[in-house]
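Topology and contacts: notes
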Amino acid sequence: MTNTRMSTIIVVAILLLVFSGSSSSAEGAKKTIVMGTSPDYAPYESVDAKGSGEIVGLDIDIAKAIADKLGYELQISGMDFNSLIAALQTGRVDFVMSAMSVTDERKQSVDFSKVYYVARNTIISKANHNYGTLEELSGKRIGVQLGSTQETVAASIKNAEIKKLNKIPDMIQEIKSGRIDAAIVEDAVALGNTTANPDLKFTMIPSGDGDEDQGYSVAFPKGSPLVDEFNEALQELEASGEKEAIVTKWFDSIMATTGPAGGLNLDFTILRDYMNYMMKGIYVTLLFTLVSALFGFVWGAILSLFKISHVRPLQWFATAYTSVFRGTPLLLQLFLIYFATPQLLDYDISPLLAAGLAFGLNSAAYLSETIRAGIMAVDRGQREAAMALGIPYRTMMISIIFPQAVKNILPALVNECVALLKESSLVSVIGVQDLMRRATVVQANTYRAFEALLFVGVIYYVLVLILTSLARVLERRLRRSD
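Keep in mind that this is a model prediction, so the values were computed, not measured.

1. Digging into the pairing of strand S10 (residues 182-186)
Summarising burial for S10: five of the five residues are buried, a large majority. Relative to S10, strand S7 (residues 121-126) is paired through five bridges, and the arrangement is antiparallel. Looking at S10, one finds that Ile-123 is bridged to Ile-184. As paired elements, strand S8 (residues 141-145) and S10 share two bridges and run parallel to each other. In the strand pairing of S10, Gly-143 is matched with Ala-183.

2. Re the pairing of S7
Of all six residues that make up S7, five are buried, and the element is covered over most of its length. Bridging between S7 and strand S11 (residues 200-204) involves five bridges; their strand directions are antiparallel. Across the sheet, Ile-124 pairs through a bridge with Phe-202, a residue of S11.

3. A word on the packing of aromatic side chains
Applying the stated criterion to the full structure yields 14 aromatic pairs. Through a chain of ring-to-ring contacts, the aromatic side chains of Trp-299, Phe-306, Phe-317, Tyr-321 and Phe-325 assemble into a single cluster. A cation over a ring is seen here: Arg-92 above Tyr-338, with NZ or CZ 3.7 Å from the ring centre. Positioned over the ring face of Tyr-277 is Arg-438, at 4.7 Å from the centre of the ring.

4. Quick look at unusual backbone geometry
Even without a glycine there, the phi angle at Ala-99 is positive, about 50 degrees. With respect to the helices and strands, the residue Ala-99 is situated in the loop between strand S5 (95-96) and helix H4 (104-107). Phi is positive for Asn-159, which is not a glycine, with a value near 60 degrees. If you trace the backbone, Asn-159 turns up in the loop between helix H5 (150-155) and strand S9 (161-165).

5. Comments concerning helix H6 (residues 168-176)
The element H6 is extensively covered by neighbouring structure, given that eight of its nine residues are classed as buried. Along H6, the residues classified as buried are Ile-168, Pro-169, Met-171, Ile-172, Gln-173, Glu-174, Ile-175 and Lys-176. Directly beyond the C-terminal end of H6, a positive phi value near 85 degrees is found at Gly-178.

6. With respect to helix H16 (residues 435-446)
With 12 residues, H16 ought to run about 16 Å at 1.5 Å a step, and its terminal C-alpha atoms sit 16 Å apart, in line with that. By the criterion of burial, H16 is predominantly enclosed, with 11 of the 12 residues buried. Of the residues making up H16, those classed as buried are Leu-435, Arg-437, Arg-438, Ala-439, Thr-440, Val-441, Val-442, Gln-443, Ala-444, Asn-445 and Thr-446. Two residues or fewer past H16, Tyr-447 is found with a positive phi of approximately 60 degrees.

7. Some remarks on the pattern of salt bridges
Applying the stated criterion to the full structure yields 15 salt bridges. Here Lys-50 ties to Asp-273 by a salt bridge, and the two come within 3.8 Å at their closest N and O atoms. Pair noted here: Lys-50 is in the loop between strand S2 (46-47) and strand S3 (55-56) and Asp-273 is in the loop between helix H9 (242-254) and helix H10 (275-308), with a separation of 223 residues, a long-range link. Assessed through its relative accessible area of 51%, Lys-50 is described here as exposed. Exposure remark for Asp-273: the relative accessible area of 43% places this residue in the partly exposed category.

8. Some thoughts on the packing of helix H11 (residues 312-327) against helix H13 (residues 351-377)
Packing of H11 against H13 brings their axes to within 9 Å, and their N-to-C directions diverge by 120 degrees. Classified by the interaxial angle, the pair formed by H11 and H13 is oblique. Handedness of the H11/H13 crossing: left-handed. Residue-level inspection shows Tyr-321, Thr-322, Phe-325 and Arg-326 of H11 in contact with H13, the latter providing Leu-361, Asn-362, Ala-364, Ala-365, Tyr-366, Ser-368 and Glu-369. Its residues assigned to classes, the contact of H11 with H13 shows six nonpolar, three polar and two charged.

9. As for the sheet that holds S9
Strands sit in the order S9-S8-S10-S7-S11 across an open sheet of five strands; the sheet is mixed. In the strand order of this sheet, the two ends are held by S9 and S11, each with one partner. With direction set aside, neighbouring strand axes in the sheet form an average angle of 30 degrees.

10. Side note on the packing of H10 against H16
At a closest axis distance of 8 Å, the pairing of H10 and H16 adopts a crossing angle of 160 degrees. By the criterion of interaxial angle, the relationship of H10 to H16 is roughly antiparallel. Here H10 runs over H16; the crossing is right-handed. Here Tyr-277, Met-278, Lys-280, Gly-281, Ile-282, Val-284 and Thr-285 of H10 come into contact with H16, specifically with Leu-435, Arg-438, Ala-439, Val-441 and Val-442. Residue classes in the contact of H10 with H16 are distributed as eight nonpolar, two polar and two charged.

Parameters and conventions
Residues numbered from 1 in each chain as written. Predicted model: local features only at pLDDT ≥ 70, side-chain atom pairs only at ≥ 80, totals over all residues. Heavy atoms only, no water. Buried < 20%, exposed > 50% of the residue type's maximum accessible area, 1.4 Å probe, protein only. Helix = DSSP H or I, 4+ residues; strand = E, 2+ residues; numbered from the N terminus. Pairing = 2+ DSSP bridges. Phe/Tyr/Trp six-rings, centres within 6.5 Å; stacked < 30°, edge-to-face > 60°. Lys NZ or Arg CZ within 6 Å of the ring centre and 35° of its normal. Expected span 1.5 Å × (residues − 1). Salt bridge = Lys/Arg side-chain N within 4 Å of Asp/Glu carboxyl O. Axes fitted to C-alpha atoms, helices over the stretch in contact; angles between N-to-C directions. Parallel < 35°, antiparallel > 145°, perpendicular 65-115°, else oblique. Left-handed = near helix turned anticlockwise from the far one by under 90°. Contact = heavy atoms within 4.5 Å. Nonpolar A, V, L, I, M, F, W, Y, C, P; charged D, E, K, R; others polar.

See the structure below:
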C-alpha cells in the first residue's frame with residue numbers, strides 16, 4: 001500500500017514537471033523558432049520582472065520583428081551566456097541573439113548573420129579611480145564575462161590578472177567589494193550600471209587602443225538555412241528605420257535607471273516592485289526539491305535492495321551506478337542530461353524536468369548507501385522470525401524491515417532534503433526560474449548586485465527552518481511506538 005501511494009505521488013509530480021516546462025509545444029499549427037539568450041544583459045535582454053515576467057530587450061524586439069517578417073512564432077529560451085553555443089550545437093535552440101560578437105573561434109562552431117548593432121567597449125571602475133586606457137590597467141585585476149569578446153581584449157593587457165565571471169552583476173559586485181580593480185564591458189551595459197551606482201564610473205576605450213568596436217550578430221548552427229533569411233529581414237528593418245527606432249527606445253530607457261549613492265549601502269526599497277516576481281520562485285524551488293527527493297528516495301531504495309541482494313549483476317550495477325554519480329560533479333550531470341537528451345534521444349526535455357532527473361539520480365546514489373545502512377541496522381532476528389512464519393520476502397521488506405529502516409535514517413533523509421533545497425540554486429544555469437535565477441534577473445534589472453541576493457538568502461533560510469521543523473514533528477510521531 002505504501003509503495004502504491006508513493007508511486008502515485010511521484011507520477012503526479014513528474015507530470016507536473018513535464019507540463020510546467022513544455023506547455024508551449026502544444027500549439028501545433030504555427031511554425032515555431034526558438035531563440036537562445038542570456039537575459040542578464042540589459043538593455044539587450046533582461047526579464048520584465050515588474051510586469052509580465054517575460055524576457056524583453058533590444059535583441060528581443062529585433063528578433064520579434066524578424067520572426068514576424070519571416071512568418072515564425074518566436075519562442076525564447078533563457079540560459080547562461082556560456083551555455084548558448086552548446087545549446088546551438090545540440091539543437092536546443094535555432095538561433096542565438098545575446099549581444100554576441102563574431103570571433104574566429106566562434107566561427108569554427110557556428111554561423112553568423114550580418115552585424116545588426118555595433119557597440120564600444122568601456123572600462124568600469126570605482127569613481128575615485130581613473131582608468132582611461134588599456135595600458136593603465138597593466139598589472140591590475142580585471143573582470144570580464146566568461147565567453148565574451150572582452151576576454152580577448154583583457155588578454156592583451158600586460159601583467160593583468162583576469163577574472164572571468166558568468167554574469168555582469170557579479171562583476172559589478174566584485175568592483176564594489178574591491179576584489180577587482182576594473183571590468184571591461186560594452187557601452188550600454190556600462191551606462192546602465194554606472195547610472196544606478198553613482199560610486200562607479202566608466203570610460204570609453206579609445207579607438208585603436210588594442211580594441212575594436214564590437215559588432216553583434218545572430219548566431220546559428222553550422223549550415224543553417226536561416227542565415228540568409230535573417231540577413232534579408234535585417235536589411236529590411238534597417239531600410240525602414242524600424243531597427244533604429246528599437247535601438248533608440250531601449251537606450252533611452254537606460255537613463256531612467258537611478259540608484260542610491262554610496263559604495264556598499266543597501267537599499268531594499270528597489271525590491272518593492274519585484275516582490276511578486278521573486279516570491280513565485282518559491283513554488284518552482286519547492287516543486288523541484290519535492291520531485292527530486294521523492295525520485296531519489298524511491299530509486300535509492302531500489303538500488304539499496306540491489307546491493308543487498310544475492311544476484312551478482314544487480315550488485316555490480318548498483319555499485320557501478322553509485323560510483324559514477326558520486327564520482328562526477330552534479331553540475332556536469334545536469335548539463336549532460338539537459339543538452340545531450342535532445343541530441344541523442346530526439347526529445348526536447350524541459351529545463352525543470354532535466355533538473356529534476358539530474359538531482360534525483362544524483363541523490364539516489366547517496367541515499368542508496370544511507371538506506372542500505374538503515375536496512376542492515378534492523379535486528380536480523382526480525383528477518384529470521386518473518387521467514388519462520390512464512391512471510392514472503394517482499395511483504396517482510398515493505399511491512400516490517402523498511403519502516404524501521406526509514407525511522408532509523410530519518411535525520412539523514414532530512415539532511416539530504418535540506419541539501420537538495422539549497423543546491424537547487426544550480427538549476428538557474430539552464431534557465432529554470434527558481435529563486436536564485438529570479439534574484440539574478442532582479443540584479444540585472446536594477447543594476448544592484450547585493451539586495452536581491454540577501455533577500456533570497458533569507459527565503460532559503462526560512463524554507464530550511466520550516467523543513468527541519470516538519471521533520472522533527474514527524475520524527476516525534478514515529479518515535480511514539482518506541
